[in-house]
Amino acid sequence: MKKFNLLLTSLTLFGLLSFSGCGSNEDSSNSSSTIEVERVKYEVIVKTIGNRRLGDVTVELYKDNALVESGVTNFIGKAVIEAPKGEYDVQLKNLPAGVIIENEFKISGEPGQYTFECMTQVIKEERPENKIYQFGDIMYDFTVKDSRGLDYTLSESFEDGKSLVLINFWATWCGYCIQEFPHFNTAIDIYEDELDIIALTVEPSDSNAVINEFMDDKNINFRMGRDINYEHYLSFGFTGSIPASVLVNKYGEIVFLEVGAFDEDTLLDLIDSNLL
């Protein structure tokens, strides 16, 4: 009987010690600290060098060549990305045609706003057949014959150092067109080094001979040509009214696109405000 009691006591003590040991390990596990990664918000603005915000651009944050987080810019070119606080290499994807990345983009680690500026240029490809331009679009290159039989190419104006090109649509019978041409002459006189103008008639009966006679009679000091198949006119979404004008900056961006005649002050203010 004494042996049985001794054995029972020994077993009880062993169980208590074992239970106590398990509890000690569990407490040790719970007391170990967990390192929490601080997450912050990075506000990314994507725009062109001409200050146009770019929407629907995918912004990707990379660390050690591994993608960490990404976001997509909204209609004002902004993406808000929440990610662990740190330094990141940034890649921009789904950029519009004509947008060029010349620099490396990085996030320094501190939360806040980061603005990434992209270069743009005239797209030296044929314009897609169904492309209808809108304000802010980047122009595809084009070449037309002027009334003297010489080629005019959009990109060459900028390669020659011009800052702006005004593309105008008109006809010899259009009174409002004729009224604004003296203002075009004035603009060329003032901004000779910065501005090119190419005025394209959309009237089939306006032959080169008719245009040249018109130019001589009105003392026109800029180039004129023909768009009698409406190829260029329709590509800007114009639907039958003239005069109509498009202003393109040296980065290939459309900064003005409207139907209607200019008065002199409005034209000169428009040119002044878009000289880069």
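Going by the structure above, here's the rest.
Residues numbered from 1 in each chain as written. Predicted model: local features only at pLDDT ≥ 70, side-chain atom pairs only at ≥ 80, totals over all residues. Heavy atoms only, no water.

**Student:** Can you break down unusual backbone geometry residue by residue, with the values?
**Tutor:** Following Ile-242, the chain continues into Pro-243 via a peptide bond in cis, with omega recorded as 0°. Among the structural elements, Pro-243 can be located in the loop between α5 (231-235) and β14 (244-249). Despite not being glycine, Asp-56 shows a phi value in the positive range, around 65°. Structurally, Asp-56 is set in the loop between β1 (39-48) and β2 (58-63). Phi at Tyr-230 is positive, roughly 65°, even though this residue is not glycine. Structurally, Tyr-230 is set in the loop between β13 (223-226) and α5. (Helix = DSSP H or I, 4+ residues; strand = E, 2+ residues; numbered from the N terminus.)

**Student:** Which residues make up the pattern of salt bridges, and what are the values?
**Tutor:** Evaluated as defined, the whole model comprises 15 salt bridges. Glu-69 is the partner of Arg-39 in a salt bridge, and the nearest nitrogen-oxygen pair spans 3.1 Å. Of this pair, Arg-39 sits in strand β1 while Glu-69 sits in strand β3 (residues 66-72); the two residues are 30 residues apart in sequence, bridging distant segments of the chain. Of the residues examined, Arg-39 reaches a relative accessible area of 41% and is grouped as partly exposed. (Salt bridge = Lys/Arg side-chain N within 4 Å of Asp/Glu carboxyl O. Buried < 20%, exposed > 50% of the residue type's maximum accessible area, 1.4 Å probe, protein only.)

**Student:** Give a detailed account of the packing of helix α3 (residues 175-190) against helix α6 (residues 264-274), specifying residues and quantitative values.
**Tutor:** Following both chains from N to C, one finds α3 and α6 inclined at 35°, their axes separated by 9 Å at the closest point. The chirality of how α3 crosses α6 is right-handed. Facing α3, whose interface residues are His-183, Phe-184, Thr-186, Ala-187 and Ile-190, α6 presents Glu-264, Leu-267, Leu-268 and Ile-271. Among the residues forming the contact of α3 with α6, the class breakdown is 6 nonpolar, 2 polar and 1 charged. (Axes fitted to C-alpha atoms, helices over the stretch in contact; angles between N-to-C directions. Left-handed = near helix turned anticlockwise from the far one by under 90°. Contact = heavy atoms within 4.5 Å. Nonpolar A, V, L, I, M, F, W, Y, C, P; charged D, E, K, R; others polar.)

**Student:** Can you break down the packing of aromatic side chains residue by residue, with the values?
**Tutor:** Applying the stated criterion to the full structure yields 18 aromatic pairs. A centroid spacing of 5.5 Å and a plane angle of 80° characterise the contact between Phe-169 and Tyr-233, whose relative ring orientation is edge-to-face. Residue Phe-169 is found in strand β11 (residues 164-170), and its partner Tyr-233 is found in helix α5; the two are separated by 64 residues along the sequence. Phe-169 gets classed as buried once you look at its relative accessible area, which sits at 0%. Under the relative-accessibility criterion, Tyr-233 is labelled buried at 4%. Measuring from centroid to centroid gives 5.4 Å for Tyr-233 and Phe-238, while their planes differ by 45°, and the two rings are tilted. Through a chain of ring-to-ring contacts, three or more aromatic side chains come together here, namely Trp-170, Phe-181, Phe-184, Phe-214, Phe-222, Phe-256 and Phe-262. (Phe/Tyr/Trp six-rings, centres within 6.5 Å; stacked < 30°, edge-to-face > 60°.)

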